[in-house]
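What follows is the residue order along each chain.
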Amino acid sequence: MYFSTQLNHHTFFSSSYTDLALEPNPSDHPRASTIFPSKSQTDVREKRRSNHFNHVSPGQLTKKYSSCSTIFLDDSTVSQPNLRTTVKCMTLAIYYHIKNRDADRSLDIFDERLHPLTREKIPEEYFEHDPEHKFIYRFVHTLSSAAQLTADGAVVTLVYLERLLTYAEIDICPTNWKRIVLGAILLASKFWDDRAVWNVDDCQILKDVTVEDMNEMERHFLELLQFNINVPFSVYAKYYFDLRSLADDNNLNVLVTPLSKERAQNLEAISRLCDDKYKDVCRAAMRRSVSADNFIGIRRSNAILS
């Protein structure tokens with residue numbers, strides 16, 4: 001493959017680059033607002049207004065609320081997100097990016113008309129309509145299963161996608177969304193989950209796509225990101241919680257159960273384990289930072305892990 005997969009996880013928790021833009025980029029800085037919530041707000045308000053006029057209260061009868069005696073929680077935490085729920089939320093964010101885009105700015109390398117993912121003839125009308133959320137979910141679910149993408153890798157996929165849109169100043173639209181999403185999943189699988197995918201003997205899900213095409217797209221993707229594949233945990237956590245808010249705003253079905261004593265102890269153990277893991281990552285990164293010419297240093301930041 002074009003780029004080596006042998007990158008340690010401390011890369012992603014290293015400090016951001018010093019040549020910061022005047023306006024902080026949401027995919028780089030934890031204090032900058034993510035983009036996809038603003039893309040969804042118009043639709044969310046329209047849904048609420050329509051439900052109000054039609055006297056419909058979606059989720060009112062099925063949604064469970066915590067009380068003084070009972071706490072309802074799902075099985076997703078920032079350190080161990082639920083894969084299915086995370087992918088569904090991530091694809092919903094992509095759907096709103098496409099639907100409420102500002103323009104149709106694109107680059108040839110991502111244009112599916114120039115670089116088709118299948119040998120079958122695709123009618124031109126296909127590129128004139130925005131894809132539905134269920135279609136995006138089906139595409140991403142298939143790719144993520146083939147690439148063995150983890151739930152936190154799915155969050156990082158969205159980080160890379162928004163970073164590409166802002167760095168390259170392009171829009172995700174019907175003609176390029178598949179290749180942009182594919183490129184983001186490819187990078188997240190390799191550099192976050194540390195797994196080499198899309199080689200000759202691996203995934204057969206895109207059997208009509210050549211390895212050379214994937215390498216070329218990966219190279220352009222990395223160049224457009226200015227080779228910045230760093231994702232600080234504070235940025236990751238921001239995207240995770242914004243995706244949870246997106247799920248709540250759109251009434252996505254998330255299974256919740258009462259918090260038992262045993263489950264509370266398990267959550268505490270998971271948080272402690274992940275906290276120790278991230279401390280080890282920071283210590284290892286600090287030991288190696290002297291020889292890392294491309295990174296400035298490592299800063300530790302406290303984060304709530306559950």
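Residues numbered from 1 in each chain as written. Predicted model: local features only at pLDDT ≥ 70, side-chain atom pairs only at ≥ 80, totals over all residues. Heavy atoms only, no water.

Draft legend 1. The arrangement of the overall build of the protein in detail. Helix and strand content of the protein: eight helices and two strands. Reading the protein from its N terminus to its C terminus gives the helix and strand order α-β-α-α-α-α-α-α-β-α. Among the 306 residues that make up the protein, the fraction classed as buried is 45%. Summed over all atoms, the accessible surface of the protein reaches about 16900 Å², with 51% contributed by carbon and sulfur. (Helix = DSSP H or I, 4+ residues; strand = E, 2+ residues; numbered from the N terminus. Buried < 20%, exposed > 50% of the residue type's maximum accessible area, 1.4 Å probe, protein only. Areas by Shrake-Rupley, 256 points an atom, 1.4 Å probe, with all protein chains shown as cover.)

Draft legend 2. Geometry of the packing of helix α3 (residues 133–146) against helix α5 (residues 177–192). At a closest axis distance of 11 Å, the pairing of α3 and α5 adopts a crossing angle of 35 degrees. Crossing hand, α3 versus α5: right-handed. In this structure, α3 uses Phe-135, Ile-136, Phe-139, Val-140 and Leu-143 to contact α5, whose residues at the interface are Trp-177, Lys-178, Val-181, Leu-182 and Ile-185. Here the residues of the contact of α3 with α5 are counted per class, giving nine nonpolar, no polar and one charged. (Axes fitted to C-alpha atoms, helices over the stretch in contact; angles between N-to-C directions. Left-handed = near helix turned anticlockwise from the far one by under 90°. Contact = heavy atoms within 4.5 Å. Nonpolar A, V, L, I, M, F, W, Y, C, P; charged D, E, K, R; others polar.)

Draft legend 3. Region of the structure containing the packing of aromatic side chains. In total, this model carries nine aromatic pairs according to the counting rule given. Considering the side-chain rings of Phe-110 and Phe-221, the 5.9 Å spacing of their centres and the 85 degrees angle between planes classify their relative orientation as edge-to-face. Pair noted here: Phe-110 is in the loop between α2 (83–99) and α3 and Phe-221 is in helix α6 (residues 211–224), with a separation of 111 residues, a long-range link. Note on Phe-110: relative accessible area 0%, which makes it buried. A residue is classified by how much of its surface remains accessible, and Phe-221, at 0% relative accessible area, is buried. Relative to Trp-177, the ring of Phe-139 lies with its centre 5.2 Å away and its plane at 75 degrees, an arrangement referred to as edge-to-face. A residue pair is termed long-range when its members are at least 10 positions apart, and Phe-139 in helix α3 and Trp-177 in helix α5 qualify at 38 residues. Like Phe-139, the residue Trp-177 is buried in the burial classification. Among the aromatic residues, those joined into a cluster by ring pairs are Phe-135, Phe-139 and Trp-177. The ring of Tyr-137 is capped by Lys-88, whose NZ or CZ atom sits 5.9 Å from the centre of that ring. (Phe/Tyr/Trp six-rings, centres within 6.5 Å; stacked < 30°, edge-to-face > 60°. Lys NZ or Arg CZ within 6 Å of the ring centre and 35° of its normal.)

Draft legend 4. Structural context of the nonpolar core. Counting residues in each nonpolar core, the largest one holds 61 residues, and the members touching the most others are Ile-94, Tyr-160, Ile-172 and Val-181. For this core, the secondary structure elements donating two or more residues are α2, α3, α4 (151–168), α5, α6 and α7 (233–249). Once residues within four sequence positions are removed from consideration, Ile-172 is found in contact with Ile-94, His-97, Ile-98, Arg-101, Leu-161, Leu-165, Trp-177, Ile-180 and Val-181. (Core = buried A, V, L, I, M, F, W, Y, C linked by side-chain atoms within 4.5 Å.)

Draft legend 5. Region of the structure containing the packing of α2 against α4. The interhelical angle for the contact between α2 and α4, taken along N-to-C directions, is 15 degrees, at an axis separation of 8 Å. The angle between α2 and α4 places the two elements in the roughly parallel class. Once α2 is placed against α4, the crossing between them reads as left-handed. From α2, Leu-83, Thr-86, Val-87, Met-90, Ala-93, Ile-94 and His-97 reach across to α4, where they touch Ala-151, Ala-154, Val-155, Thr-157, Leu-158, Leu-161, Glu-162 and Leu-165. Here the residues of the contact of α2 with α4 are counted per class, giving eleven nonpolar, three polar and one charged. (Parallel < 35°, antiparallel > 145°, perpendicular 65-115°, else oblique.)

Draft legend 6. Structural detail: unusual backbone geometry. Here Gln-148, not a glycine, exhibits a phi torsion of approximately 55 degrees, which is positive. Of note, Gln-148 is situated in the loop between α3 and α4. Given a relative accessible area of 52%, Gln-148 falls into the exposed group.

Draft legend 7. Local environment of the side chain of Lys-178. Topologically, Lys-178 is positioned in helix α5. In terms of polar contacts, Lys-178 uses its side chain to reach the side chain of Tyr-126, at 3.3 Å. Beyond its immediate stretch of four places on either side in the chain, Lys-178 contacts Glu-112, Leu-117, Tyr-126, Phe-135 and Phe-139. (Polar contact = N/O pair within 3.5 Å; in protein donor to acceptor, adjacent residues only side chain to side chain.)

Draft legend 8. Local environment of the pattern of salt bridges. Applying the stated criterion across every chain yields a total of 13 salt bridges. In this structure, the salt-bridge partner of Asp-28 is Arg-163, at a minimum N-O distance of 3.1 Å. With a gap of 135 residues between them, Asp-28 in the segment before α1 (36–53) and Arg-163 in helix α4 connect regions that are remote in the sequence. Assessed through its relative accessible area of 10%, Asp-28 is described here as buried. Measuring nitrogen to oxygen at the nearest pair gives 3.0 Å for the salt bridge that ties Asp-111 to Arg-113. (Salt bridge = Lys/Arg side-chain N within 4 Å of Asp/Glu carboxyl O.)

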